[in-house]
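# Chains, contacts and geometry: an overview
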Amino acid sequence: MYVFDSPVFDGMFDFCAMYTGASLQGANMLNNEQCDIAVNWSGGLHHAKKFEASGFCYVNDIVIAIIELLKYHSRVLYIDIDIHHGDGVQEAFYLTDRVMTLSFHKYGNYFFPGTGDMFEIGAESGRYYSVNVPLKEGIDDATYIQVFKPIVQSVMQFYQPTCIVLQCGADSLGSDRLGCFSLTTKGHGECVKIIKDYNLPLLVLGGGGYTVRNVARCWTYETAVLLNEHETISNELPYNEYLEYFAPDFSLHPELQAKHENLNTKPYLEAIRQMVHENLKNLSHSPSVQMHDVPTDLLNLDNCEELDPDVRNHTADTNNRVEANNEYYDEEQDNDKESEGFLDV
């Protein structure tokens, strides 16, 4: 099926396999305690649904990574700071309390994808586990942090997640071609630092961003934040073959011009914060999960050897194939009694 905002292109399968596989590998490494923070800037395609592509997103790597994390973690918190609502992730976990989705996004005036109202709070077992913070255009660093920090703090207090997935869409920066916020790279990075300081297993993903030079600046700075090098990293960009794209200032933190007036008033943000807090108070406790056998990892890093595609039945595949005890028997042990050429009824 052709979707107007998600066109088919050569190499699409390989593209989806690479960014989804990278997110899955990050989740696998967190599960096996091989790292504290895993980063995949090519991931974070949060609009894709189970049966359709949407908003330049073909496979929702976030949902697949979270499903992998749920094998080892009883509660996963998903946080989205892309300017667009994380509708694909919210839809996937709308009916469960195992995942809480928290999205800060532009809402209203037919802004894509049109979802993310503060009254979308989840349903059935997932009621109150979908948290949406709809913002208006022009929000700046100070105003954004003013609403981001206390809401995240409330969510952490009530939900008590054991793992966090953070989608860092850079289209919430000022001067983005499709965005209408006024965040700087430092303000965007401050959100990453706030989440990192909770010292929980953290999967950091990319997302949107349509002024490419600022996307590169943003994720470079946030990589430094995750490595605790943000205070020492130079503002002057080193010489490289792409340096001309960062003219005229050639700096990591250029002054981003605000294209829109900040329409997010203090009473409006306080009303949102208060409503989120009241909804969270309806959670009786942080949910747990019954003891169960842990399924095998979707991505097995112990054996990455590719089998010969020209060989039909590999020994390894044959040895791992599980067969029922009543299969492939003749005579008395043949349950279907087909050895005579007919069936007994």
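Residues numbered from 1 in each chain as written. Predicted model: local features only at pLDDT ≥ 70, side-chain atom pairs only at ≥ 80, totals over all residues. Heavy atoms only, no water.

Turning next to the environment of lysine 71. On the secondary structure map, lysine 71 appears in the loop between helix H2 (61-69) and strand E2 (76-80). Along the primary structure lysine 71 and threonine 296 are separated by 225 residues, whereas in three dimensions their C-alpha atoms are 8.7 Å apart. (Helix = DSSP H or I, 4+ residues; strand = E, 2+ residues; numbered from the N terminus.)

Before going further, it helps to examine the packing of aromatic side chains. Evaluated as defined, the whole model comprises 10 aromatic pairs. Taken together, a centroid distance of 4.9 Å and an interplanar angle of 45° make the contact between phenylalanine 104 and phenylalanine 148 tilted. Here phenylalanine 104 is found in strand E3 (residues 99-106), whereas its partner phenylalanine 148 is found in helix H4 (residues 141-159), with 44 residues between them in sequence. Its relative accessible area of 0% is what places phenylalanine 148 among the buried residues. Judged by centre distance (6.1 Å) and plane angle (20°), the rings of tyrosine 144 and phenylalanine 148 are stacked. Residue tyrosine 144 and its partner phenylalanine 148 are located together in helix H4, separated by four residues, close to a single helical turn. Note on tyrosine 144: relative accessible area 1%, which makes it buried. An aromatic cluster of three or more residues is present, and its members are Phe9, Phe15, Tyr19 and Tyr58. The ring of tyrosine 128 is capped by arginine 127, whose NZ or CZ atom sits 5.0 Å from the centre of that ring. Looking at lysine 136, its charged tip hangs above the ring of tyrosine 268, at a distance of 4.4 Å from the centre. (Phe/Tyr/Trp six-rings, centres within 6.5 Å; stacked < 30°, edge-to-face > 60°. Buried < 20%, exposed > 50% of the residue type's maximum accessible area, 1.4 Å probe, protein only. Lys NZ or Arg CZ within 6 Å of the ring centre and 35° of its normal.)

Here we take up the sheet that holds strand E4 (residues 130-135). Read across the open sheet, the six strands follow the order E1-E6-E5-E2-E3-E4; overall the sheet is parallel. Strands at the two margins of the open sheet, each flanked by one partner only, are strand E1 (37-40) and E4. Put simply, the sheet's adjacent strands are angled 10° from each other on average, direction ignored. Running over the sheet, H2 touches E1, E2, E3, strand E5 (163-167) and strand E6 (202-205) and is turned about 175° from E5. (Pairing = 2+ DSSP bridges. Axes fitted to C-alpha atoms, helices over the stretch in contact; angles between N-to-C directions. Contact = heavy atoms within 4.5 Å.)

Once that is clear, we can look at the state of the cysteines. Under the definition given, this model contains zero disulfides. This cysteine, cysteine 57, is not joined by any disulfide, and cysteine 16 carries the nearest cysteine sulfur, 9.8 Å off. Judged by its relative accessible area of 4%, cysteine 57 falls in the buried class. This cysteine, cysteine 163, is not joined by any disulfide, and cysteine 35 carries the nearest cysteine sulfur, 9.7 Å off. (Disulfide = S-S within 2.5 Å.)

Of all the six residues making up E4, six are buried; the element is thus mostly covered by neighbouring parts of the structure. Where burial is concerned, the two faces of E4 agree: the one with Ser130, Asn132 and Pro134 and the one with Val131, Val133 and Leu135 are both buried. Here six bridges tie E3 to E4, and the two strands are oriented parallel to one another. Each bridged residue has a counterpart across the sheet, and for histidine 105 the counterpart in E4 is proline 134.

The next thing to look at is the packing of helix H5 (residues 185-196) against helix H6 (residues 212-226). One way to put it is that H5 packs onto H6 with a least axis distance of 9 Å and a crossing angle of 30°. Considering their axes alone, H5 and H6 lie roughly parallel with respect to each other. For the pair H5 and H6, the sense of crossing is right-handed. Of the residues in H6, those in contact with Thr185, Lys186, His188, Gly189, Val192, Lys193 and Lys196 of H5 are Arg217, Cys218, Tyr221, Glu222, Val225 and Leu226. Grouping the amino acids of the contact of H5 with H6 by side-chain chemistry returns five nonpolar, three polar and five charged. (Parallel < 35°, antiparallel > 145°, perpendicular 65-115°, else oblique. Left-handed = near helix turned anticlockwise from the far one by under 90°. Nonpolar A, V, L, I, M, F, W, Y, C, P; charged D, E, K, R; others polar.)

For the structure on display, the rule yields seven salt bridges. Across the salt bridge formed by lysine 49 and aspartate 87, the nearest N and O atoms sit 2.8 Å from each other. One end of the pair, lysine 49, is in the loop between E1 and H2; the other, aspartate 87, is in helix H3 (residues 87-92), with 38 residues separating them in the sequence. Of the two residues, lysine 49 and aspartate 87, neither departs from the other in class, the shared state being buried. (Salt bridge = Lys/Arg side-chain N within 4 Å of Asp/Glu carboxyl O.)

A separate point is the packing of H4 against helix H7 (residues 266-280). For the pair H4 and H7, the least separation of the axes is 10 Å and the interaxial angle reads 5°. Classified by the interaxial angle, the pair formed by H4 and H7 is roughly parallel. Seen from H4, the contacting residues are Thr143, Gln146, Val147, Pro150, Ile151, Ser154, Val155 and Phe158; seen from H7, they are Lys266, Leu269, Arg273, Val276, His277 and Leu280. Residue composition of the contact of H4 with H7, grouped by class: eight nonpolar, four polar and two charged.

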